[in-house]
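Inside the fold
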Amino acid sequence: MNGVTGRMGYRQHLVRSILPIRDQGGVTLPDGSRVQVEPVLVGRNADKLKELAALHDVEHWTTDLDTAVAEADIVFDAAMTNLRAATLTKAMLQGKHVFTEKPTAETLAEAIELARLQAETGVTVGVVHDKLYLPGLVKLRRLVDEGFFGRILSLRGEFGYWVFEGDSQPAQRPSWNYRAEDGGGITTDMFCHWNYVLEGILGQVKTVTARTVTHIPTRWDEQGREYAATADDAAYGIFDITTPGGDDVVAQINSSWAVRVFRDELVEFQVDGTHGSAVAGLRECRAQHRSHTPKPVWNPDLPVTEPFRDQWLDVPANADLDNGFKLQWEEFLRDVVAGRPHRYDLLSAARGVQLAELGLRSSAEGRRIDIPEITL
């Protein structure tokens, strides 16, 4: 587990995924047998690794990435983006199965080369697509599958929160996120997510129109030193989608680390269709059918009397949904044991890198850009 001392590697993948899988006795396979996991913690800070290993009763840790890769069955990477392609390449060339955070590479060319290498080596590779496993989007996808929306017209997404600059209060995100030279930027970070969310809920992303901004030009790092923010901290995107049935859908998603939250969850998506609408966050989903849709009348001279939020109904889970990261880990481990491809692989990840790259280009050139299909 490389990069396990970082926020995502530690919280979501070690503490909320691998350790619970280990403590429950492993993953149950279709024949009733179980496969167990034994993590090896890898990073650059020996003191932190030793502390985490003792805290969580993990026997193995090391700062020697090369040896760890050589001795592992599966290599997981959550280190800095600009180091990832080299780590994944090293692992696959040695025949190791790979599970990785995204973006998988800094450039589309690198991402495509990784996907080609996966095809050549035949190893099982999984790329984190966590949001599709979370309760809110599982419910939203179920509504799509059941035809609740009729013909889908649009999707609107809002993501973000205020990340403190680091002077008066410590920032909630690492300083490299705000330096383009270190692989930072919200477009690079979040458009990879939005690509698989849009694909997983609606269909193929055909075009992108984006406006990227650095709203906060100066920040302070983990040592309290002032630095120039060279990466974008907000991205405003419009995407043309084509559904599997051939319908055209317009999607709009705002992403910002310079916005204050006035919504129920840190990210929300509203899907509108001819027969109904739904609003989904990471956990909750509410829907309103055509037959229950009120008829508001615009009158700015009178106070609002419609209790709009009360007119929507909760969509039940109808099942116990575990942590989304853990669920994908379990699916990936079953795929490794079965020797089959994982449904979210390096080609899917390359399309995410492509969307981010073309989004940045769209903003720089001030125009809409078509998204070509990737072929290996």
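Up top is the structure.
Read on for a plain summary of the structure.

What follows deals with the packing of helix H5 (residues 108-121) against helix H9 (residues 346-365). Remark: H5 packs on H9, axes separated minimally by 9 Å, with the N-to-C direction vectors making an angle of 175°. With respect to each other, H5 and H9 are oriented roughly antiparallel. Along the contact surface, H5 presents Leu108, Ala111, Ile112, Leu114, Ala115 and Gln118, while H9 presents Leu346, Leu347, Ala350, Val353, Gln354 and Glu357.

Time to look at the nonpolar core. Core analysis: the largest hydrophobic core is formed by 49 residues, its most contacted members being Phe149, Phe191, Trp194, Leu198, Val208 and Phe239. Looking at which element gives the most residues to this core, the answer is helix H7 (residues 186-201), with 8 residues. In contact with Phe149, not counting residues within four places along its chain, are Leu140, Leu143, Val144, Val271, Gly273, Thr274, His275, Gly276, Ser277 and Ala278. With 24 residues, the next largest nonpolar core counts Ala72, Leu108, Ala111 and Leu346 among its residues.

Bringing helix H6 (residues 135-145) into the picture now. All of the buried residues along H6 are Pro135, Gly136, Leu137, Lys139, Leu140, Leu143 and Val144. The elements touched by buried residues of H6 are strand S8 (152-160), H7, strand S14 (267-273), strand S15 (276-280) and strand S16 (285-289).

Glancing now at the pairing of S14. The buried fraction of S14 is high, at 6 of 7 residues. Pairing of S8 with S14 involves 7 bridges; the strand directions are antiparallel. Its bridge partner lying in S14, Phe159 is registered against Val267. Two strands pair when backbone bridges link them, and S14 and S15 are joined in this way by 4 bridges, in the antiparallel orientation. Across the sheet, Val271 pairs through a bridge with Ala278, a residue of S15. In this antiparallel pair of consecutive strands, S14 and S15, the connection spans 2 residues.

Here we take up the packing of aromatic side chains. With the rule as written, the count across this model stands at 12 aromatic pairs. Between Phe99 and Trp329, the ring centres sit 4.4 Å apart and the planes meet at 50°, which makes this aromatic pair tilted. Placement of the pair is Phe99 in strand S6 (residues 97-100) and Trp329 in helix H8 (residues 324-338), with a sequence separation of 230 residues. The two residues Phe99 and Trp329 agree in class, both being buried.

Moving on, we get to the sheet that holds strand S13 (residues 248-256). Ordered in space as S17-S16-S15-S14-S8-S13-S12-S9-S18, the 9 strands form an open sheet in which the pairing is mixed. Two strands bound the open sheet, and with one partner strand each, they are strand S17 (313-314) and strand S18 (369-370). Note that strand S9 (residues 204-213) and strand S12 (residues 234-242) share 9 bridges and pair antiparallel. Along S12, the bridge assignment pairs Val208 with Phe239. Set on the sheet, H9 makes contact with S9, S12 and S18; between it and S9 the angle comes to about 50°.

Here we come to the sheet that holds strand S7 (residues 125-127). With parallel pairing, 3 strands are arranged side by side in an open sheet as S5-S6-S7. Looking at strand neighbours, the two that pair on one side only are strand S5 (74-77) and S7, the edges of this open sheet. When the angles between neighbouring strand axes are averaged without regard to direction, this sheet yields 10°. Where S5 and S6 come together, 4 bridges link them in parallel fashion. Considered in S6, the bridge of Ile74 is made with His97.

Right, let's get into empty space enclosed by the protein. A complete count under the given rule lists 1 cavity of 30 Å³ or more for this structure. Lining the largest cavity are Lys102, His129, Cys192, Asn195, Tyr196, Ser348, Ala349 and Gly352. Secondary structure elements with two or more residues in the lining of the largest cavity: H7 and H9. Residue composition of the lining of the largest cavity, by class: 3 nonpolar, 4 polar and 1 charged.

Structurally, the position occupied by Asp130 is in the loop between S7 and H6. Classification of Asp130 by relative accessible area gives buried; the value is 4%. Within the structure, the side chain of Asp130 is placed 3.3 Å from the side chain of Tyr196, a separation counted as a polar contact. Beyond its immediate chain neighbours, meaning those up to four positions away, Asp130 contacts Lys102, His193, Tyr196, Gly324, Phe325 and Gln328.

Cis peptide bonds are those with omega within 30 degrees of zero, and the linkage from Lys102 to Pro103 qualifies with -5°. Although it is not a glycine, Asp57 adopts a positive phi angle of roughly 55°. One can find Asp57 in the loop between helix H2 (46-55) and strand S4 (60-62). Backbone geometry places Asn318, a non-glycine residue, at a positive phi of 60°. For Asn318, the position within the fold is in the loop between S17 and H8.

Rules used in this analysis
- Residues numbered from 1 in each chain as written.
- Predicted model: local features only at pLDDT ≥ 70, side-chain atom pairs only at ≥ 80, totals over all residues.
- Heavy atoms only, no water.
- Axes fitted to C-alpha atoms, helices over the stretch in contact; angles between N-to-C directions.
- Helix = DSSP H or I, 4+ residues; strand = E, 2+ residues; numbered from the N terminus.
- Parallel < 35°, antiparallel > 145°, perpendicular 65-115°, else oblique.
- Contact = heavy atoms within 4.5 Å.
- Core = buried A, V, L, I, M, F, W, Y, C linked by side-chain atoms within 4.5 Å.
- Buried < 20%, exposed > 50% of the residue type's maximum accessible area, 1.4 Å probe, protein only.
- Pairing = 2+ DSSP bridges.
- Phe/Tyr/Trp six-rings, centres within 6.5 Å; stacked < 30°, edge-to-face > 60°.
- 1 Å grid on protein atoms, 1.4 Å probe; cavity = no way out; pocket = protein on both sides within 12 Å on 5 of 7 lines; lining within 4 Å.
- Points joined across faces, edges and corners; volume = space filled by probe spheres on them.
- Nonpolar A, V, L, I, M, F, W, Y, C, P; charged D, E, K, R; others polar.
- Polar contact = N/O pair within 3.5 Å; in protein donor to acceptor, adjacent residues only side chain to side chain.

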